[in-house]
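# Notes for the structure review
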Amino acid sequence: MADDAMRTPAPVPPGEVREETRKLLADLADTLDRVRPGAEMTEGIRLARPLALAERLHGPGPAANNTERELLAVMPRVRDDETRGEYATRLRLIAQEVAA
C-alpha cells in the first residue's frame, strides 16, 4: 500500500529490487557523498532525486515514472538530523541487499 501523503509506494522486498534500481541508488549515494555530505538530508531531496535520475536515464515518460516509483519504494524515509552522507550509506546498503 502506498503512503499517499509522502508519495512513497509500498516497500519492495530486497530480493525483488531490479539491477537498474540498485545502480541508480548507488549513483544517488555517490552524489550525496560528493556534494555536501555533511549537510542535512531532507525529505524534499528524497522525493525529488528519483525522478531526476529516472528522466536522465529514460527521458520523460512512462519508463521514467515507473523507475521513479521503484526508487521511492526502496528509499527509506530520512531520519531526524541525518546527513546526506549518512543517508548515502543507507542507500548503498540497500543497493547491496544488506538492508531494507
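Residues numbered from 1 in each chain as written. Predicted model: local features only at pLDDT ≥ 70, side-chain atom pairs only at ≥ 80, totals over all residues. Heavy atoms only, no water.

### Some remarks on the packing of helix H1 (residues 19-34) against helix H4 (residues 84-95)
Taken N-terminus to C-terminus, the directions of H1 and H4 make an angle of 160°; their axes are 8 Å apart at the nearest point. In this view, H1 runs roughly antiparallel relative to H4, as classed from their interaxial angle. Crossing handedness for the pair H1 and H4: left-handed. Counting all contacts with H1, which are made through Arg-22, Leu-25, Ala-26, Leu-28, Ala-29, Asp-30, Thr-31, Leu-32 and Asp-33, the residues of H4 involved are Arg-84, Gly-85, Tyr-87, Ala-88, Leu-91, Arg-92, Ile-94 and Ala-95. Each residue belonging to the contact of H1 with H4 can be placed in one class, and the counts come to ten nonpolar, two polar and five charged. (Axes fitted to C-alpha atoms, helices over the stretch in contact; angles between N-to-C directions. Helix = DSSP H or I, 4+ residues; strand = E, 2+ residues; numbered from the N terminus. Parallel < 35°, antiparallel > 145°, perpendicular 65-115°, else oblique. Left-handed = near helix turned anticlockwise from the far one by under 90°. Contact = heavy atoms within 4.5 Å. Nonpolar A, V, L, I, M, F, W, Y, C, P; charged D, E, K, R; others polar.)

### Concerning unusual backbone geometry
You will see that Arg-36, though not glycine, has its phi angle at about 55°, which is positive. Structurally, Arg-36 is set in the loop between H1 and helix H2 (43-58). You can call Arg-36 exposed: its relative accessible area is 55%. (Buried < 20%, exposed > 50% of the residue type's maximum accessible area, 1.4 Å probe, protein only.)

By themselves, these figures tell us nothing about what the structure is for.
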